[in-house]
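# Residue-level structure breakdown
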Amino acid sequence: MPGLDEVLHYLTGVVLLLRQKQEGFGWLDLTMRGFTRSFWAIVWCLPAFAVIWASWRLYYLAAMPADTPAGFNFLVKLAIIDVVGWMLPLALLAVLAGPLGYGKYLATLVTASNWVAIPFAYAAAIPFALTLVLPTSAPFAGLLLYVVFGASVVLQYRLVWMCVGRQGLLAAAITAIFVLPPMIVGQELQRLLGTMPV
């Protein structure tokens, strides 16, 4: 598992790419080893995910009858939804790489996107943390979550744009793959797994 220094090194590269600085690629390990190690980003996101899961659990319980169970199994279901949301776009990108002609960018795209998920996850956790500390802040936290989501989409596009050789239409299509399928499938999984209040 990459240590903190290594992760910060990669995040420096990601920030440079978000600033549209070509030298950001030099901070990333774009070898096959680096590609594989980038999936450790999921583990580095776990504290942020835990905050989100805890907040969602309280929201769920508040909206459901008093005897509704929401123990360890509930958290496992939330974890499954998040893992699927992480992996689904990557699988779609791999499948579409040939037809859309971006195969040579795929490894770089996945590596950079995995690492940028860390700051995205912690930014998304801030509104949920607010609701844990101050339950009355839910309206403001909801607005803040929309702001974080919008900013993450814009930044994801900037990162993808750099990774695919600054091709605007391709970057837009790939960004849509990162955003839309996880939202659609995530909502369906929440319904199927029973993690959405009814």
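First, a word on scope: everything that follows refers to the structure included in this document. (Residues numbered from 1 in each chain as written. Predicted model: local features only at pLDDT ≥ 70, side-chain atom pairs only at ≥ 80, totals over all residues. Heavy atoms only, no water.)

## Quick notes on unusual backbone geometry
Condition: Here a helix means four or more residues in a row that DSSP labels H or I, a strand means two or more in a row labelled E, and each is numbered from the N terminus.
The phi torsion at Gln20 lies on the positive side, around 65°, for a residue other than glycine. In this structure, Gln20 sits in the loop between α1 (4–18) and α2 (32–37). Even without a glycine there, the phi angle at Arg166 is positive, about 60°. One can find Arg166 in the loop between α7 (138–163) and α8 (168–193).

## Some thoughts on the side chain of Ser137
What counts, and what does not: The buried label goes to any residue with under 20% of its type's maximum accessible area, the exposed label to any with over 50%, and the partly exposed label to all in between, with areas taken from a 1.4 Å probe on protein chains only. Should any heavy atoms of two residues lie within 4.5 Å, those residues are counted as being in contact.
Position of Ser137 among the secondary structure elements: in the loop between α6 (106–133) and α7. When its relative accessible area of 12% is taken as the criterion, Ser137 is described as buried. Once residues within four sequence positions are removed from consideration, Ser137 is found in contact with Leu130 and Thr131.

## Points about the environment of Trp161
Note on placement: Trp161 falls in helix α7. Given the relative accessible area of 18%, Trp161 is considered buried. Filtering out sequence-adjacent residues up to four positions away, Trp161 remains in contact with Gln20, Arg166, Gln167, Gly168 and Ala171.

## A few points about the nonpolar core
Nonpolar side chains tend toward joint burial in soluble globular proteins. Here is the rule: Residues belong to a common nonpolar core when they are buried Ala, Val, Leu, Ile, Met, Phe, Trp, Tyr or Cys residues joined through side-chain atoms within 4.5 Å.
Counting residues in hydrophobic clusters, the biggest one holds 52 residues, and the most contacted among them are Trp86, Leu93, Tyr102, Trp115, Val164 and Ile174. Secondary-structure elements contributing two or more residues to this core are α1, α3 (41–44), α4 (46–63), α5 (72–100), α6, α7 and α8. A per-element tally of this core places α6 first, with 13 residues. Tyr102 has contacts with Leu92, Leu93, Leu96, Ala97, Leu170 and Ile174, leaving out every residue within four places of it along the chain.

## Describing the packing of α5 against α6
What counts, and what does not: Only C-alpha atoms enter the line fits that serve as axes; for helices the fit covers just the stretch in contact. Angles between N-to-C directions range over 0 to 180 degrees. Throughout this description, any angle smaller than 35 degrees is read as roughly parallel, any larger than 145 degrees as roughly antiparallel, any in the 65 to 115 degree range as roughly perpendicular, and the remainder as oblique. The handedness criterion is simple: a crossing whose near helix is rotated anticlockwise from the far helix by less than a right angle is left-handed, and one whose near helix is rotated clockwise is right-handed. Each residue is assigned to one of three groups, with Ala, Val, Leu, Ile, Met, Phe, Trp, Tyr, Cys and Pro labelled nonpolar, Asp, Glu, Lys and Arg labelled charged, and all others, Gly among them, labelled polar.
It is at 11 Å that the axes of α5 and α6 come closest, and there the two elements cross at 170°. Taken together, the axis directions place α5 and α6 in an arrangement best described as roughly antiparallel. Both α5 and α6 take part in a crossing whose hand is right-handed. Between α5, through Trp86, Leu90, Leu93, Ala94 and Ala97, and α6, the contact on the second element is made entirely by Leu106, Leu109, Val110, Asn114 and Ala117. Considered class by class, the residues forming the contact of α5 with α6 number nine nonpolar, one polar and no charged.

## With respect to the state of the cysteines
Linking two cysteines covalently via their sulfur atoms produces the bond known as a disulfide. Stated precisely, the cut-off is as follows: Disulfides are defined as pairs of cysteine sulfur atoms found within 2.5 Å of each other.
In this structure the tally under the stated criterion is zero disulfides. For Cys45, which is in no disulfide, the shortest distance to another cysteine sulfur is to Cys163 and amounts to 17 Å. Under the relative-accessibility criterion, Cys163 is labelled buried at 4%.

## As for a nonpolar patch on the surface
Rules: Patch building starts from residues that exceed 30% relative accessible area and form no salt bridge, then joins like charges within 9 Å and nonpolar side chains (Val, Leu, Ile, Met, Phe, Trp, Tyr) within 5 Å. Where accessible areas are quoted, they stem from the Shrake-Rupley method and a 1.4 Å probe; at the residue level, only the protein chains shown are allowed to cover. Throughout this description, the term salt bridge denotes a Lys or Arg side-chain nitrogen within 4 Å of a carboxyl oxygen of Asp or Glu.
Nonpolar side chains collect at one region of the surface, where Phe149, Leu180, Met183, Ile184 and Val185 lie side by side and expose about 440 Å² of accessible area between them. Ranked by residues supplied to the nonpolar patch, first place goes to α8 with four residues.

## Observations concerning the packing of aromatic side chains
The geometry of an aromatic ring pair is captured by two quantities: the separation of the ring centres and the angle between the planes. Basically, it comes down to this: Working definition: rings of Phe, Tyr and Trp (its six-membered ring) pair if their centres are within 6.5 Å, and the pair is stacked with planes under 30 degrees apart, edge-to-face with planes over 60 apart, and tilted otherwise.
Per the counting criterion, the structure on display carries six aromatic pairs. Centre to centre, the rings of Phe35 and Phe39 are 5.6 Å apart; their planes meet at 80°, and the pair counts as edge-to-face. Assessed through its relative accessible area of 23%, Phe39 is described here as partly exposed. The interplanar angle of 25° and the centroid separation of 5.9 Å between the aromatic rings of Phe49 and Trp53 together place this pair among those described as stacked. Taken together, the residues span about one helical turn, with Phe49 and Trp53 both in helix α4 at a distance of four residues. Here Phe49 falls in the buried class, since its relative accessible area comes to 12%. Following the ring pairs from residue to residue traces out a cluster consisting of Phe49, Trp53 and Trp86.

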